[in-house]
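Spelled out, the chains give:
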Amino acid sequence: MTPIAIAMTVFAGGMFFLAFLMSSRMRLGSLVTAFRVQSALLALLAIAAAFVTGEFQLFIVAGLIVLIKVWFIPSFLLRAARVSGASERLQSYARPATLSFVAACLAIVALVGARGLLPVGADYFVLAASFGIVLVGLLMLVSRKDMFGEGIGFFVMENGIFTFGLALTHGMPFLFEIGSFFDLLAFFILITVFTHRAQDENASVATDDLRTLTD
Amino acid sequence: MAISLLLVSCLVLATVPFFMRGLRFIFGAAFLASSGVFVLSLYTAIPLFFGASSFENGYWYLDTFAALMVLLIGFIQWTATITSIHYLGEEVRTGEITLPAVRRYFFFVGLFVCSMLLTIVSNNLGFMWIALEATTLTTTLLVAFYAHKGSLEAAWKYLILCSTGISLGLIGLFLTYYAASSSGLLHGLSAISWTNLLTVAPSLPPHLMQIAFVFILIGYGTKVGLVPMHAWLPDAHSRAPSPISGMLSGILLNAALFGILRFRVLVDGSLASSEWTSELFLVFGVLSCIIPAAFILIQADYKRLLAYSSIEHMGLIVFSAGLGTVGAVASVIHIVGHALLKSALFFSAGNILLRFKSTKFDRIGQVMRTLPYTGALFLTLILMLLAIPPSPLFGSELLLISQSVVLHPIFATIVLLALAIIFAGFIRLIIPFLFSPALVPPKSEVEVGEKWGWSHTAIAFHLILLVAFSVFLMTPMASPILERIITAIS
Amino acid sequence: MSSFTIDCLFAIAFVLPLVGVVLSLATRRFSWNNTLVQSMFILSGFAGLIAGSYFFALLGIGNSASFNGTFFGLVNIALNSMQVFFLMLVYGGVLLTSLYAIQSLPPYKDVYVLPTLNVASAFFIVGMQATILSPSLFTFLMAWEIMSVSAYFLVIADRSDESLRAGWLYFVMTHIGFACIAAGLLLLAGGNLFASWHDVALSALGATPLAISIAFVLLLAGFGSKAGLVPLHQWLPYAHPQAPSGSSALLSGVMLKVALFGFIQGVALFPFVPSFSAFLVISIGLLSAFFGALRAAVENDAKRVLAWSSIENMGLIFSAVGIYLLVHGSQDSAVSAIAPSIALFIILHTANHFIFKTGLFMAVGAVASKTHTRNLDELGGLAQRWPIFAGIFLALSLAAAALPPFGTFFGEWTYFQTLASGMTVSAFFGGSFALILALLALVGGLALFAYVRMFSAIFLGRARTTHAEQVSPMPILLWLPSLFSVLLSIIAGLFLFPILSAPNTFMEGVTLFGDVAILGGVSMNAWWVLLSVIFIGVLLTVCRRSFSNRNPARITDTWDCGQPITPRMQYTATGFSAPIRFFFKSILMSEKELIIEPISMSNPWIVRRRLVWSIKSFFEYWLYRPIGIAVFAVSRAVKRLQNGVIQLYLLLVICALVFTLATTL
């Protein structure tokens, strides 16, 4: 395997490891930090892919990733949490240990699943890692009991999907990437708006308070 | 060019109200912009029904089916704006909302319509994805428009669920791109161009396309409201302001379905038969019919009732789409009929909500006496929703039954059972709602009597169009147009 | 009279009610609005009757008579005599009930919104005509729906809680029935929605036996539910009393016949009927007849008595249809020779039931309109106030009970005689026909009981409550249509029966579905019967006059044990039916409850006693209630899915994804 391929494998593996850690972290600050590092690794992955394919635009994409996912989203998320007065302590449906265990199982599922798509090689590991990150992101979405946790779960899933795109296609058309970044930004803005409003209205961001609309 | 104009005019709708001071000017500007959108959609779409060939370039693709959807979007956003003017005017008058809120409302509506149109006319599947996600984002704040308890909750669930769904759809999109580019057929931007993909479809690896389609179906299907991904729909569609609910139920669900149908054509081309996709459609369609039946039978809230009915009708449309060519005709008729009906129903529900200030059946009664015009319109619309002639849904449901009874009798029985339960539920809830006194007397005196307003005109437009559509379907002119629409989706 | 005129008249009869819709809405502020619209309906009925009569005069009454109508060049419809026969029933019913409605509806103008009620009636009339006239599957289904929906609006016309509940049950059941009919017919047609009847019959030739059986059961369920066959009859006793009287008459007298027509037309499409079909239809028919007669004998609401009686009569007709299915097309010529006479009975009884049921509903409606009650226990003594009307009602009750000289007698006699002579054909037939005859005897007896009870409760004795005491004279148009019904019934007996039963006319190569030779003529001369009845009547009167006590009657107080006798102490309808209730206690599930409440705390001997008795509806208790409870229970269980927890919703999405992927890979 070429050095670039090894690098990509390491970056992807690192991303998945961080996702695995994030699945059981219950403090907003540590979650956000892990997300930052994960996004940084994603940017590095994009740069590596740029070297592999020789497409210049992937550098721009990497830059955007750093700008938006490493700096903008995490900082403003923390800021929003602080300003709205939400609790740093996050809740989940299961104990952290259980969540870690499930995440480990998901890793195995991801490895098996990716096998069905690609033969063993550099791309395969990246693909498996991306599957794993997506699955862990979904796990976070399902297991977290507050809005911040769910939001971060979604972003992790997005990271995973992005990695998936990188692994499979070495970058999608540029315009599409830009557009999806805009979508992500808008999504983030909405998350902050809602967490703020939730804290205002219900004095908490726990989803337990969002259970009134039943039949 | 017309298409670009169309999209720009939506942005005009979005931004012009910000330049207006005074409610009347805001409304006037919004109405003009919205009418502009409507006229442009007519200009864009009508030629395609009368012989013009499909319009195609790198970014846009407009065939007869897309033209139909553009037409629906154009018309319903226009009547929704008319109803919004009436509705928001009332709310400003009673002090529920403020002037800046009205401006924000039209801002998001403009963006919403723009993104929906983008979904329909995009040739580039990536742009279609972006536009579909944009529809979720632009409508979330509309769902959360009021400061009521429950609005936030509905909007949050809507945001998270739909965005998660669309992200799953993105996986499907990536897989499609991978299928096209890894087999060396297409590269770069052209690999997610639908027309290009269509030409190379038979050579695309089938198994990969199947997996991609599953992601697309589940992902975009969350936005369509197929069971079991439907759970956000009753909350979001019932908490949003009524004109918005009308647009969400009437056209947004169809736009998402449009995306699924586009992918379906590709997968069918790759598999060289529509059997597999039809099976999926049948299963999800049946599920989406029978589950809402349980919720409709014992429902306490009339806007939620209409929302569950939307889920059921989407189920019927998807079910018909799995029944071959005749089924495709049925689903097209059903799409048009349901869009016009459900939006009009939500508009009427808005009038009822304005008067009674409650969405619960318990607290409302004798709507016919209190709001004669709205009540009569509401009753007619409900009857047409229940597929009573001269509703177009009568024809489409009979076509559905005719195909499914012969091809899939067990599914047909389940669907008929679901339809029967839903019918029973509707009559059980709506007729006393219209004619009997309320079970729980309202807190304050409810004013009796109403004047014919703009919203009634808009709803009447819908009714006239529905009847005209039914009549049109029975004339010989209908079959060539229907044929052209069907070739676009199969 | 050319066929063009017939064509025009039918078209006029179809279009006039629609004109009535426009007029009704346009003139709704005027007081003569109702009269105008009803006149439109009357004209429509007249046009149709004339068209039908000319049809039969011109083309004869055989099955080979057919006529291609074009309705002013718009559509191409082929009419055969079966269709024209049922159309005549529709037109006759419309004529009578609209005449009645001119004076019966205005007193209710605060209860019903008359213009919209008349719009619903118009669509109902058009729907019934269109159902019979429909040349293709799609138009039939559309017309059927229009008919059913307008009937719904007739049922909920007074918007009371009871009407809304009755309407709900009716609407749901008719919709389910519609689904069954559509599914059954589409199964036969092989999925072709726009097939003409001819095409449907052709594609039915290629259907599998399983499909044929399922289609038959579906058609029986759908049409039978509309016709009031047990166990899908539950809507009928609730819905028919709630509609305005003229509309009830149409619902009971005509709509049930349209359902019968639909069934016959549907079965005619089958290449062969499944082997169990005849027995199924016969047993359901007899069960309905028995159940209907039984409930008619114990109900207290006059209109509900008539509704149950409709169920009984439709049951009789369907049992005959079942026997027809059994014997028709049999290889044995002795067996298949029974068929024409059964067909004769079906036609006769359909016409006769229509005549007397329409008349009875209008008469009961007139009583209810004047006394403001339908409860038999509250009426009485009306024969003294309205002697002529009582005579009309008596005649109609005798017609309903199938006594000479009314037409119903001849129809039922045909049935009994055919069954009796059919018993000799084989041992199997002997046994089953004997059983059927026994059941028919029971049904006939119960029906007679029910009508005697109803007549005497309303008209004989003294008024039981003030409702029935102060009544004003009845407007002429309230009793005139019922008088017409009586005359029609007698005419049916005198003329229709011999025309249809004489060899070489109707029965010439004619049955309901095909061609069979004739059974040796059914023997009865209607004129002899009429003359005998008149003669016996005269004889009895003369004998009574000459041999009875010469002493003048002495008017004095009745022996009353020193206690003043009130009319309330008369024999009531409830009391009259007590033996029946007792005998059939397990079916009627009647309950008597004596509630004793002390009035004052200090003296427990002073009590208030209340007797509450009720009968439960058998099928409602054992069939409908459990189904309803089950459906609602399942719904409540499914509703728990929407518990508000977003994580569950996400989990559902993920499960859907995993499951679908698993089935794909």
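Residues numbered from 1 in each chain as written. Chains lettered and ligands numbered in written order. Predicted model: local features only at pLDDT ≥ 70, side-chain atom pairs only at ≥ 80, totals over all residues. Heavy atoms only, no water.

Digging into the overall build of chain B
Note the threshold: Numbered from the N terminus, helices here are DSSP runs of H or I no shorter than four residues, and strands are runs of E no shorter than two. Radius of gyration: over C-alpha atoms. The globule rule applied is 2.2 Å multiplied by the number of residues raised to the 0.38 power. In this description, contact between two residues means that some pair of their heavy atoms is separated by no more than 4.5 Å. Positive charges come from Lys and Arg alone, negative charges from Asp and Glu alone, with His and the N- and C-terminal ends not counted. One atom stands in for each charge, and that atom is NZ of Lys, CZ of Arg, CG of Asp or CD of Glu.
Scanning chain B from N- to C-terminus turns up 19 helices and two strands. The globule rule puts the C-alpha radius of gyration for 490 residues at 23 Å, and the 22 Å found for chain B is close to it. With respect to the three principal axes, the spread of C-alpha positions in chain B is 70 × 55 × 45 Å. By sequence separation, contacts in chain B at least 24 residues apart represent 80% of the contacts at least 6 residues apart. For chain B, the distance from the average position of its 23 positive side-chain charges to the average position of its 19 negative side-chain charges is 11 Å.

Let's talk about the domain arrangement of chain C
Defined as follows: Note: domain ranges come from an automatic or database domain assignment.
Assigned domains within chain C: domain 1 (276-508) and domain 2 (619-664). Distance from the C-alpha centre of domain 1 of chain C to the C-alpha centre of domain 2 of chain C: 48 Å.

Quick look at the nonpolar core
Rule in force here: Residue types Ala, Val, Leu, Ile, Met, Phe, Trp, Tyr and Cys, when buried and joined through side-chain atoms within 4.5 Å, form a set referred to as a nonpolar core. Three exposure classes are used, based on accessible area relative to the maximum for each residue type with a 1.4 Å probe and protein chains only: buried under 20%, partly exposed in between, and exposed over 50%.
Of all hydrophobic cores here, the largest spans 509 residues; its most connected members are Phe-65 and Phe-433 of chain B together with Leu-141 and Met-454 of chain C. Every residue in contact with Phe-65 of chain B, bar those within four places of it in the chain, is listed here: Phe-258, Leu-261, Val-332, Ile-335, Ile-485, Ala-488 and Ile-489 of chain B.

Notes on the packing of helix H8 (residues 206-224) of chain B against helix H10 (residues 242-271) of chain B
Residues and elements named next belong to chain B. Here is the rule: Axes, fitted as lines to C-alpha atoms, cover a helix only where it is in contact. Angles between the N-to-C directions of the axes lie from 0 to 180 degrees. In what follows, roughly perpendicular refers to angles from 65 to 115 degrees, roughly parallel to angles under 35, roughly antiparallel to angles over 145, and oblique to any angle outside these ranges. Each residue is assigned to one of three groups, with Ala, Val, Leu, Ile, Met, Phe, Trp, Tyr, Cys and Pro labelled nonpolar, Asp, Glu, Lys and Arg labelled charged, and all others, Gly among them, labelled polar.
Running from N to C, H8 and H10 point in directions that differ by 170°, and their axes come no closer than 9 Å. Considering their axes alone, H8 and H10 lie roughly antiparallel with respect to each other. Taking contact as the criterion, the partners of Pro-206, Met-209, Gln-210, Phe-213, Ile-216, Leu-217, Tyr-220, Gly-221, Lys-223 and Val-224 in H8 are, on H10, Leu-252, Leu-253, Ala-256, Leu-257, Gly-259, Ile-260, Phe-263, Arg-264, Leu-266, Val-267, Ser-270 and Leu-271. Of the residues contributing to the contact of H8 with H10, the split by class is 16 nonpolar, four polar and two charged.

So, the interface of chain C and chain B
As a reminder of what qualifies: Computed with a 1.4 Å rolling probe, the buried area is the accessible surface lost when two parts are put together, summed over both parts.
Across the boundary between the two partners, chain C contributes 47 residues, which contact 57 residues of chain B. Of the roughly 4400 Å² buried between chain C and chain B, counting both surfaces, carbon and sulfur atoms make up 84%. Contributing elements (two or more residues each) for the side of chain C that touches chain B: helix H5 (137-155), helix H6 (161-189), helix H24 (618-639) and helix H25 (646-664) of chain C. Of the residues forming the side of chain C that touches chain B, the biggest block, 13 residues, is contributed by H6 of chain C. Along the lines of polarity and charge, the residues of the side of chain C that touches chain B split into 34 nonpolar, eight polar and five charged.

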